[in-house]
Amino acid sequence: AQKITQTQPGMFVQEKEAVTLDCTYDTSDPSYGLFWYKQPSSGEMIFLIYQGSYDQQNATEGRYSLNFQKARKSANLVISASQLGDSAMYFCAMRSDSNYQLIWGAGTKLIIKP
Amino acid sequence: GAVVSQHPSRVICKSGTSVKIECRSLDFQATTMFWYRQFPKQSLMLMATSNEGSKATYEQGVEKDKFLINHASLTLSTLTVTSAHPEDSSFYICSARSFSGGLPGEQFFGPGTRLTVL
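The paragraphs below set out a description of the structure included in this document. Note that the structure is a prediction, hence the values are computed from the model and not measured.

### Some points on the overall build of chain B
Here comes step 1: Tallying secondary structure elements over chain B gives zero helices and 11 strands in all.
Here comes step 2: Sequence-ordered secondary structure for chain B, helices as α and strands as β, is β-β-β-β-β-β-β-β-β-β-β.
Here comes step 3: Taking 2.2 N^0.38 as the reference for a compact globule, 118 residues should give roughly 13 Å; the C-alpha atoms of chain B span a radius of gyration of 14 Å, in line with that estimate.
Here comes step 4: Along the three orthogonal principal directions, the C-alpha set of chain B runs to about 40 × 25 × 20 Å.
Here comes step 5: Across chain B, the fraction of contacts at a sequence separation of at least 24, relative to all contacts at a separation of at least 6, is 55%.
Here comes step 6: When the accessible area of chain B is evaluated, it comes to approximately 5800 Å², of which 52% is carbon and sulfur surface.

Take a look at the structure:
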């Protein structure tokens, strides 16, 4: 069965520091995709970054990068130079190739301290 | 591009009434729309998947007669919470997959609807 695990329920990070949010996954599909979303207190889901299972390079989008370790089945999100506005819930999700649903992790609540 | 609207953003209703939530893809055609429910401090829980012109597929444990989903066009899906009760109070989010474009499997999310049943 496909599964996403986020082991950090909450994290406190000092402003301007880098932060790594953990995500491990389990799937037997050879083709899959991994997404990270940010959900601020307003509730909207904001797409951050995507990594395809066949992508050779780690994905990057501005201050966001994805540390993709395929053999270890991990897809950690790295936020460089954290800002107060980064405080939010962060969800890791995996595309199910069988029905295109997204499998969701439990989320990590990130709080950036000034 | 790829904007999804959801209306209303917030609704308060009395127990026993029905509430309709609309989800629209504004600038693309959505082959599939998803409805999620989210409890405080928890992850998204998929309620159902709907394809235009066909019956929605509900996840195990979701009452079909309680949560009516209609996907009448490629840009509109509605969720009706029938005879709402306080335990139905939650944050409901819709998402849509584009007929063309976007990342493989990418879902575009609406801003959510906060339902409070008194």
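Anyway, onward from the coordinates.
### Description of the state of the cysteines
Residues and elements named next belong to chain A.
Here comes step 1: Applying the stated criterion across every chain yields a total of two disulfides over all chains.
Here comes step 2: The side chain of C23 participates in a disulfide bridge whose partner is C92; the two sulfur atoms lie 2.0 Å from each other. Handedness here is read from the sign of the S-S torsion; for C23 and C92, about -60 degrees, the answer is left-handed. Taken as a pair, C23 in the loop between β3 (19-21) and β4 (24-26) and C92 in strand β10 (residues 88-95) lie far apart in primary sequence, 69 residues in all. There is no split in this pair, since C23 and C92 are both buried.

### What about the nonpolar core?
Here comes step 1: Core analysis: the biggest nonpolar cluster contains 26 residues, and F67 and L115 of chain B have the highest contact counts within it.
Here comes step 2: Going through the elements one at a time, β2 (10-13), β3 (19-25), β4 (30-38), β5 (44-51), β7 (67-73), β8 (76-81), β9 (90-98) and β11 (113-117) of chain B are the ones with two or more residues in this core.
Here comes step 3: If you look at the next biggest cluster of nonpolar residues, it comprises 25 residues, including I4, L21, A88 and Y90 of chain A.

### Considerations on the pairing of strand β9 (residues 74-79) of chain A
All names here are of chain A.
Here comes step 1: A large share of β9 lies buried, amounting to five of its six residues.
Here comes step 2: Relative to β9, β3 is paired through three bridges, and the arrangement is antiparallel. Note on β9: the bridge partner recorded for V19 is I79.
Here comes step 3: Two elements, strand β8 (residues 64-69) and β9, share six bridges in a ladder whose sense is antiparallel. Note that in β9 the partner of S65 across the bridge is V78.
Here comes step 4: Between the end of β8 and the start of β9, which pair antiparallel, lie four residues, with K73 showing a positive phi angle near 55 degrees.

### Some thoughts on the interface of chain A and chain B
Here comes step 1: Every contact between the two is made by 17 residues of chain A and, on the other side, 19 residues of chain B.
Here comes step 2: Across the chain A/chain B interface, buried area totals approximately 1500 Å², and carbon plus sulfur atoms make up 60% of it.
Here comes step 3: It is Y100, Q101 and W104 of chain A that lose the most area in chain A upon contact with chain B, and together they represent 33% of the buried surface on that side.
Here comes step 4: Counting every contact that joins chain A to chain B gives zero salt bridges.
Here comes step 5: At the surface where chain A touches chain B, the tally comes to four residue pairs in polar contact (both at pLDDT 80 or more).
Here comes step 6: Broken down by secondary-structure element, the contributors of at least two residues to the side of chain A that touches chain B are β5 (33-39), β6 (46-52), β10 and β11 (102-104) of chain A.
Here comes step 7: Among the elements that line the side of chain A that touches chain B, the one with the most residues is β5 of chain A, at three residues.

Criteria and cut-off values
- Residues numbered from 1 in each chain as written.
- Chains lettered and ligands numbered in written order.
- Predicted model: local features only at pLDDT ≥ 70, side-chain atom pairs only at ≥ 80, totals over all residues.
- Heavy atoms only, no water.
- Helix = DSSP H or I, 4+ residues; strand = E, 2+ residues; numbered from the N terminus.
- Rg over C-alpha atoms; globule rule 2.2 N^0.38 Å.
- Contact = heavy atoms within 4.5 Å.
- Areas by Shrake-Rupley, 256 points an atom, 1.4 Å probe, with all protein chains shown as cover.
- Disulfide = S-S within 2.5 Å.
- Buried < 20%, exposed > 50% of the residue type's maximum accessible area, 1.4 Å probe, protein only.
- Core = buried A, V, L, I, M, F, W, Y, C linked by side-chain atoms within 4.5 Å.
- Pairing = 2+ DSSP bridges.
- Buried area = accessible area lost by both parts, 1.4 Å probe.
- Salt bridge = Lys/Arg side-chain N within 4 Å of Asp/Glu carboxyl O.
- Polar contact = N/O pair within 3.5 Å; in protein donor to acceptor, adjacent residues only side chain to side chain.

By themselves, these figures tell us nothing about what the structure is for.
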